[in-house]
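Okay, here's what each chain looks like letter by letter:
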Amino acid sequence: SAVISQKPSRDICQRGTSLTIQCQVDSQVTMMFWYRQQPGQSLTLIATANQGSEATYESGFVIDKFPISRPNLTFSTLTVSNMSPEDSSIYLCSALDRGLNTEAFFGQGTRLTVV
Amino acid sequence: RKEVEQDPGPFNVPEGATVAFNCTYSNSASQSFFWYRQDCRKEPKLLMSVYSSGNEDGRFTAQLNRASQYISLLIRDSKLSDSATYLCVVNQAGKSTFGDGTTLTVKP
């Protein structure tokens, strides 16, 4: 399977600022996603990153708060905007490289703490 | 009701024990099914895919019952290294929905 590099691996940010997380895959993939994992909880899908067009957001997530880019088939970014302590979480990039019904694989995650 | 529900756990078992995890899903249009393993402070990693015909990989056996919308994972001869959180994952059109996970601790 392809390998995902995600950075930064962790950051501590001031409230009101924004952080952009990068996700680089070592091969072209069909789909890329962004997930959030809050402390002690499971993963929640934020959005599907669409190549060359606007991301598709899940209920409860909006573009103004989590703008996403995907300029090509191997790279995506997620920005967490105007951060508050409630945004402290792990953010994970995910991809499918073999089709819609195959397993997803994940980047190492970005551990974000907002103070 | 959550789309994917798992045994809440935690499970604390001795080495060598057999342990079973259960999972149910609500979306009958779900297309593919997986068990992932997540170690503390790490990303989830695929443990195995789940098929209606059953799927075995060494000490691990996974089973899917589409009629009941039920997925299971059986771990035989538990090892200390099996200690982790096990996530039931259901996929539709590429989008994965995760259960809350079941934490397993295997003790000497």
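Numbers given to residues run from 1 along each chain, matching the order in which its sequence is written. Each chain gets a letter, beginning with A, and each ligand a number, beginning with 1, in the order they are written. The predicted origin of the model limits local features to residues at a pLDDT of at least 70 and limits the giving and counting of side-chain atom pairs to 80 or more, whereas totals for whole chains, interfaces and linings rest on all residues. Values shown for side chains rest on all heavy atoms present in the structure; no hydrogens or waters enter the calculation.

Colleague: Teacher, can you tell me more about the overall build of chain B here?
Modeller: Strands are runs of DSSP state E lasting at least two residues, helices are runs of H or I lasting at least four, and both sets are numbered from the N terminus onward. A tally of helices and strands in chain B yields zero helices and eleven strands. Seen through its C-alpha atoms, chain B measures out along the principal axes to roughly 40 × 30 × 20 Å. Here chain B holds 108 residues, and the buried ones make up 44% of them. Every residue pair with non-hydrogen atoms within 4.5 Å of one another is taken to be in contact. If you take every contact in chain B between residues at least 6 apart in sequence, the share linking residues at least 24 apart comes to 54%. Where accessible areas are quoted, they stem from the Shrake-Rupley method and a 1.4 Å probe; at the residue level, only the protein chains shown are allowed to cover. When the accessible surface of chain B is summed, it comes to about 5200 Å², and 47% of that surface belongs to carbon and sulfur atoms. Exposure is judged per residue with a 1.4 Å probe applied to protein chains only, and the accessible area is read against the type maximum: over 50% gives exposed, under 20% gives buried, and values in between give partly exposed.

Colleague: Please explain the sheet that holds strand 7 (residues 68-72) of chain A as it appears in this structure.
Modeller: Hydrogen bonds between backbone groups are what pair the strands of a sheet, and the pairing can be parallel or antiparallel. All names here are of chain A. The four strands lie next to each other as 1-3-8-7, forming an open sheet whose pairing is antiparallel. In this open sheet, the two strands that pair with only one neighbour each are strand 1 (4-7) and strand 7. When strand polarity is set aside, the average angle formed by the axes of neighbouring strands in this sheet is 15°. Two strands are said to pair when DSSP picks up at least two bridges between them. Sheet topology places strand 3 (residues 19-25) next to strand 8 (residues 75-80); six bridges connect them, and they run antiparallel. Across the sheet, Leu19 pairs through a bridge with Val80, a residue of strand 8. Only the stretch in contact is used when a helix axis is fitted, and all axes are lines through C-alpha atoms; the angle between N-to-C directions ranges over 0 to 180 degrees.

Colleague: Help me out: how do you make sense of the packing of aromatic side chains in this one?
Modeller: Working definition: an aromatic ring pair is given by the centre-to-centre distance plus the angle between the planes. Note on aromatic contacts: the rings of Phe and Tyr and the six-membered ring of Trp form a pair at centre separations within 6.5 Å, being stacked when their planes are under 30 degrees apart, edge-to-face when over 60 apart, and tilted otherwise. Tallied over the entire structure, the rule returns 13 aromatic pairs over all chains. Measuring from ring centre to ring centre gives 5.9 Å for A:Phe106 and B:Tyr36, while their planes differ by 85°; the resulting arrangement is edge-to-face. With A:Phe106 in strand 10 (residues 105-106) and B:Tyr36 in strand 4 (residues 32-38), this residue pair bridges two chains. Through a chain of ring-to-ring contacts, three or more aromatic side chains come together here, namely A:Phe33, A:Tyr35, A:Phe106, B:Phe34, B:Tyr36 and B:Phe98.

Colleague: What am I meant to see in unusual backbone geometry here?
Modeller: Excluding glycine, most residues fall at negative phi; most peptide bonds, likewise, are trans. With an omega of 0°, the peptide bond between A:Lys7 and A:Pro8 qualifies as cis. Inspection of the secondary structure puts A:Pro8 in the loop between strand 1 and strand 2 (10-13). B:Gly9 connects to B:Pro10 through a cis peptide bond whose omega is -5°. Within the fold, B:Pro10 resides in the loop between strand 1 (4-6) and strand 2 (11-14). Phi at A:Asn82 takes a positive value of approximately 45°, unusual for a residue other than glycine. Inspection of the secondary structure puts A:Asn82 in the loop between strand 8 and strand 9 (89-96).

Colleague: Explain the pattern of salt bridges here, please?
Modeller: Note on pairing: side chains with opposite charge can pair once their charged atoms come close. Residues and elements named next belong to chain B. For salt bridges, the criterion is a side-chain nitrogen of Lys or Arg within 4 Å of an Asp or Glu carboxyl oxygen. In the structure shown here, the tally under the stated rule is eight salt bridges over all chains. Here Arg76 ties to Glu56 by a salt bridge, and the two come within 3.5 Å at their closest N and O atoms. Residue Arg76 is located in the loop between strand 8 (70-75) and strand 9 (84-92), and its partner Glu56 is located in strand 6 (residues 55-57); the two are separated by 20 residues in the primary sequence. By relative accessible area, which is 57% here, Glu56 ends up exposed.

Colleague: Just to check I follow, could you spell out the interface of chain A and chain B for this structure?
Modeller: Size of an interface: often given as the accessible area lost when the parts come together. Contacts between the two partners involve 22 residues from chain A and, on the opposite side, 18 residues from chain B. Surface buried jointly by chain A and chain B totals about 1500 Å² across both partners, of which 51% is contributed by carbon and sulfur atoms. On the chain A side of the contact with chain B, A:Ser42, A:Asn101 and A:Phe106 bury the most area, a combined 30% of that side's loss. On inspection of chain A and its partner chain B, the count reaches one salt bridge. Within 3.5 Å is the distance limit for a polar contact, defined as a pair of N or O atoms, with the added protein rule that one can donate a hydrogen and the other accept it, and that residues adjacent in sequence qualify only through two side-chain atoms. At the boundary of chain A with chain B, the tally comes to six residue pairs in polar contact (both at pLDDT 80 or more). Simply put, the buried area is the total loss of 1.4 Å probe accessible area from both parts when two parts are fitted together.

Colleague: For this particular structure, what's the right way to read the state of the cysteines?
Modeller: One way to say it: the disulfide is the covalent bond shared by the sulfur atoms of two cysteines. Residue and element names in this part refer to chain A. Cysteine sulfur atoms that pair up within 2.5 Å are treated as a disulfide. Applying the stated rule across the entire model yields two disulfides over all chains. The side chain of Cys23 participates in a disulfide bridge whose partner is Cys93; the two sulfur atoms lie 1.9 Å from each other. Because the sign of the S-S torsion sets the handedness, a value of about -65° for the bond joining Cys23 and Cys93 places this disulfide among the left-handed ones. Of this pair, Cys23 sits in strand 3 while Cys93 is found in strand 9, placing the two residues 70 residues apart along the sequence. The residues Cys23 and Cys93 share a single accessibility class, namely buried.

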